[in-house]
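Examination of the molecular architecture
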Amino acid sequence: MTESIRKSEVELSILRICEEALKETDFRVLDVDAKISASSLIRIFIDKINTEKGPSLEEVAELSRKLDPLIETANLTHGAYNLEVSSPGLDRRLRISSDFQREIGNEVSLNLHESMPGIGANVRGHLIKVENGRLGIAQGVKNRKEFEVPFENIKRANRIWNFEKGTK
C-alpha cells in the first residue's frame with residue numbers, strides 16, 4: 001500500500017470501496033473520516049484528477065449517490081449513518097506520500113494520534129522532506145527545530161495557507 005497516514009479499519013474499508021468505485025472516473029478520494037457510533041458520520045473528501053478545478057456540486061451529488069449504496073452494502077456501521085461527500089476547498093487534506101511531496105516547503109498542520117515528547121499532539125511547521133514513511137518538519141527561524149513524524153502517527157494533515165504579500 002502507498003505510504004499513508006494511519007486510518008481505522010472502517011476508514012480503510014471505506015477508502016477501498018471508494019477507490020474501487022472511482023478508479024475508472026476522473027475523481028480520487030483525498031481522505032475519509034468515519035465516526036462510528038449510534039449516529040455514525042462518514043465524511044468522504046474527493047477531488048478531480050488532472051485539473052486545477054475541483055468537482056462541481058452536481059458531480060459531488062452524483063458521487064454521493066454512487067458511493068452511498070456501496071458503503072451501505074458493506075455494513076460497516078452496523079446501523080444508520082450520515083454520509084457527507086465534499087470537495088476539499090482550501091482545507092485540502094493530505095493523506096498519501098504524493099500529497100505531502102507536493103507540499104514540501106509549505107507550512108502544514110498535523111493532528112497526531114499520540115503526543116510526541118517536546119512536540120505535542122498538534123503540530124504546525126514547514127514540511128522539509130518526505131522520506132521512508134516519515135515527514136521532516138521544521139519550526140521556527142531563529143531557534144530552528146527540526147524533527148520527524150511517522151505517517152502512522154498522523155491522524156489528520158492539512159496545508160496552512162498564508163495570504164500575506166510576498167509569501168508562498
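Below: a short report on this structure. In this text the structure is predicted, and so the values were computed from the model without any measurement.

1. Considerations on the sheet that holds strand β1 (residues 27-35)
- In space, the 3 strands of this open sheet follow the order β1-β2-β3, with mixed pairing throughout. Where the open sheet ends on each side, the last strands, each with one partner, are β1 and β3 (81-86). Averaged over all neighbouring strand pairs, the angle between strand axes comes to 15°, with direction disregarded.
- For β1 and strand β2 (residues 40-48), the ladder comprises 8 bridges, and the chain directions are antiparallel. For R28, the partnering residue across the bridge sits in β2 and is D47.
- Those strands touched by helix α1 (residues 9-22) are β1 and β2, and its axis lies near 155° from that of β1.
- Helix α2 (residues 57-74) contacts β1, β2 and β3 of the sheet and is inclined by roughly 145° relative to β3.

2. As for α1
- In this model, α1 (14 residues) spans 20 Å end to end at C-alpha, consistent with the 20 Å of a helix rising 1.5 Å per residue.
- Looking only at α1, the buried set comprises E11, L12, I14, L15, I17, C18, A21 and L22.
- Where α1 is buried, its residues contact β1, β2 and α2.

3. Describing the side chain of N158
- Here N158 lies in strand β8 (residues 154-159).
- Side-chain polar atoms of N158 contact the side chain of R156, separated by 3.1 Å.
- Leaving out residues up to four positions away in the same chain, N158 has contacts with D91, R92, R93, L94, E107, V108 and S109.

4. Overview of the packing of α1 against α2
- Put simply, α1 and α2 touch, their axes get as near as 10 Å, and they point 135° apart. In terms of orientation, α1 lies oblique with respect to α2. Considering how the two elements wind past one another, α1 and α2 form a crossing that is right-handed. Of α2, the residues touching α1 (which contributes I14, I17, C18, A21 and L22) are L63, K66, L67, L70, I71 and A74.
- Partitioned by chemical class, the residues of the contact of α1 with α2 number 10 nonpolar, no polar and 1 charged.

Thresholds, definitions, all that
- Residues numbered from 1 in each chain as written.
- Predicted model: local features only at pLDDT ≥ 70, side-chain atom pairs only at ≥ 80, totals over all residues.
- Heavy atoms only, no water.
- Pairing = 2+ DSSP bridges.
- Helix = DSSP H or I, 4+ residues; strand = E, 2+ residues; numbered from the N terminus.
- Axes fitted to C-alpha atoms, helices over the stretch in contact; angles between N-to-C directions.
- Contact = heavy atoms within 4.5 Å.
- Expected span 1.5 Å × (residues − 1).
- Buried < 20%, exposed > 50% of the residue type's maximum accessible area, 1.4 Å probe, protein only.
- Polar contact = N/O pair within 3.5 Å; in protein donor to acceptor, adjacent residues only side chain to side chain.
- Parallel < 35°, antiparallel > 145°, perpendicular 65-115°, else oblique.
- Left-handed = near helix turned anticlockwise from the far one by under 90°.
- Nonpolar A, V, L, I, M, F, W, Y, C, P; charged D, E, K, R; others polar.

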